[in-house]
Amino acid sequence: MRALVISGGGSKGAFAGGVAQYLMEREKREYDMFLGTSTGSLLVPHLAVNDVSKLYDIFTNVQQQDIFSVSPFVQRKKGDREFVSIDFVNSLWQFIKRKRTFGESKALRRNIRKNFTFEEYQKIKETKHDVVVTVSNLSMNRVEYKSIKECTYEEFCNWIWISCNYIPFMSLAKVNGYEYADGGLGCVIPIREAIQRGATEVDAVVLESESLNKQKILGKNPFSLMINLFGHLMDQVERNDIVIGKLAAKNKDVKLNLYYTPTTLTENSLIFSKRLMEKWWQQGYDHAEQKHSGL
């Protein structure tokens with residue numbers, strides 16, 4: 001049984017889309033199981049129904065307003081460089097309203113339901129072994145994996161949304177008395193979970209370069225420094241997930257194929273730029289092609 005696993009990584013998910021497109025269209029890989037965390041959870045349902053062109057249109061056209069109902073960021077451009085800074089006004093209003101996060105992502109929940117239809121949900125349940133998204137149960141201090149087989153359409157859309165909620169910048173969700181957030185806070189790339197669910201071959205797209213040797217420029221205020229800190233912590237979680245995944249693959253005699261980004265794509269994956277995401281999608285496709293031509 002073959003599985004496709006995609007890590008978290010915000011806008012860098014476009015790279016994973018390009019890798020998946022090459023594997024599915026050129027290598028003719030047919031996957032029984034799809035697992036994703038955060039941005040990976042947005043990609044896997046569309047890949048499961050094999051609608052790459054629709055996914056490309058959705059992903060490369062997403063903007064800040066498609067994600068944030070209250071955005072804690074302001075997107076700016078300086079020359080060819082695009083970056084985000086903190087929207088102190090919106091953040092202040094969140095404090096005044098006694099909210100626990102700097103922003104809200106209810107717009108993303110609406111867009112998930114708009115772009116992932118009930119008919120597609122039904123098709124996946126009928127034709128695929130499983131589609132799984134990763135969430136973090138903060139109340140119980142544990143990672144949970146939500147299978148499409150165990151959820152209604154409404155529930156699964158909600159879990160996809162929750163898997164993407166990168167707190168404290170996005171919404172904190174409450175389900176059945178428990179509070180949930182981004183799956184990447186506990187498991188950035190669920191390779192071991194795919195193996196435990198029966199995968200005998202795993203293609204895993206890691207939205208980070210294999211060697212993190214580039215010196216990072218730390219934020220100049222507490223908010224941007226917090227983004228850097230969260231990024232650092234999630235990089236460590238991701239490395240740990242990969243080590244655990246490799247060990248699980250070795251113990252179970254599972255073939256594991258890892259696809260890293262060839263370079264560090266961006267310092268801030270909360271930037272959603274059509275120009276950059278189209279570029280990263282093509283880079284993902286080209287990188288997978290180059291990797292396979294060298295085999």
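Residues numbered from 1 in each chain as written. Predicted model: local features only at pLDDT ≥ 70, side-chain atom pairs only at ≥ 80, totals over all residues. Heavy atoms only, no water.

Asks: What am I meant to see in the pattern of salt bridges here?
Replies: Once their charged atoms are close, side chains differing in charge can pair, the charge on each being opposite to the other. According to the stated counting rule, one finds 13 salt bridges in the structure shown. The salt bridge involving Glu208 is made with Lys12; its shortest N-O contact spans 3.4 Å. Of this pair, Glu208 sits in strand E9 (residues 201–209) while Lys12 sits in the loop between strand E1 (2–6) and helix H1 (13–26), and the two are 196 residues apart along the sequence. Both residues of the pair, Glu208 and Lys12, count as buried. Via salt bridges that share partners, Asp130, Glu193 and Arg197 belong to a single interconnected network. (Salt bridge = Lys/Arg side-chain N within 4 Å of Asp/Glu carboxyl O. Helix = DSSP H or I, 4+ residues; strand = E, 2+ residues; numbered from the N terminus. Buried < 20%, exposed > 50% of the residue type's maximum accessible area, 1.4 Å probe, protein only.)

Asks: Got a minute to help me understand the packing of aromatic side chains in this structure?
Replies: What characterises a pair of aromatic rings is the spacing of the ring centres plus the angle enclosed by the ring planes. This structure, assessed with the given rule, holds 12 aromatic pairs. Taken together, a centroid distance of 5.0 Å and an interplanar angle of 90° make the contact between Tyr56 and Trp281 edge-to-face. On the criterion of sequence distance, the pair formed by Tyr56 in helix H3 (residues 52–60) and Trp281 in helix H10 (residues 274–293) is long-range, its members being 225 residues apart. Between Phe118 and Tyr153 the ring centres are 5.7 Å apart and the planes differ by 85°, which places this aromatic pair in the edge-to-face class. With a gap of 35 residues between them, Phe118 in helix H6 (residues 118–127) and Tyr153 in helix H7 (residues 153–163) connect regions that are remote in the sequence. Among the aromatic residues, ring-to-ring pairing joins Phe116, Phe118, Tyr121, Tyr153 and Phe156 into one connected group. Here the guanidinium or amino end of Arg142 rests over the ring plane of Tyr178, the centre of that ring lying 5.9 Å away. The residue whose ring lies beneath Lys291 is Tyr259, and the NZ or CZ to ring-centre distance is 5.3 Å. (Phe/Tyr/Trp six-rings, centres within 6.5 Å; stacked < 30°, edge-to-face > 60°. Lys NZ or Arg CZ within 6 Å of the ring centre and 35° of its normal.)

Asks: When you look at the environment of Leu229 in this model, what are you seeing that I'm missing?
Replies: Summarising the element assignment, Leu229 is placed in helix H9 (residues 222–252). Between the alpha carbons of Leu229 and Thr264 there is a distance of 17 Å; along the sequence they are 35 residues apart.

Asks: Even after reading the chapter, I still don't get unusual backbone geometry, so can you show me in this structure?
Replies: Apart from glycine, the bulk of residues carry a negative phi angle, and the bulk of peptide bonds sit in the trans form. Backbone torsion omega between Ile167 and Pro168 reads 10°, so that peptide bond is classified as cis. Along the chain, Pro168 falls in the loop between H7 and strand E7 (173–175). Although it is not a glycine, Asn141 adopts a positive phi angle of roughly 55°. Inspection of the secondary structure puts Asn141 in the loop between strand E5 (130–137) and strand E6 (142–147). Assessed through its relative accessible area of 72%, Asn141 is described here as exposed.

Asks: Looking at this structure, how should I read the pairing of strand E8 (residues 178–182)?
Replies: On any regular strand, side chains alternate: one points to one face of the sheet, the next to the other face. The pairing of E5 with E8 spans three bridges and is antiparallel. Residue pairing across strands places Val135 opposite Asp182, the latter belonging to E8. As paired elements, E7 and E8 share three bridges and run antiparallel to each other. Among the inter-strand pairings, Lys174 is bridged to a residue of E8, identified as Glu179. Hairpin geometry of E7 and E8 is characterised by an intervening segment of two residues between the two adjacent antiparallel strands and by a positive phi of about 55° at Asn176. (Pairing = 2+ DSSP bridges.)

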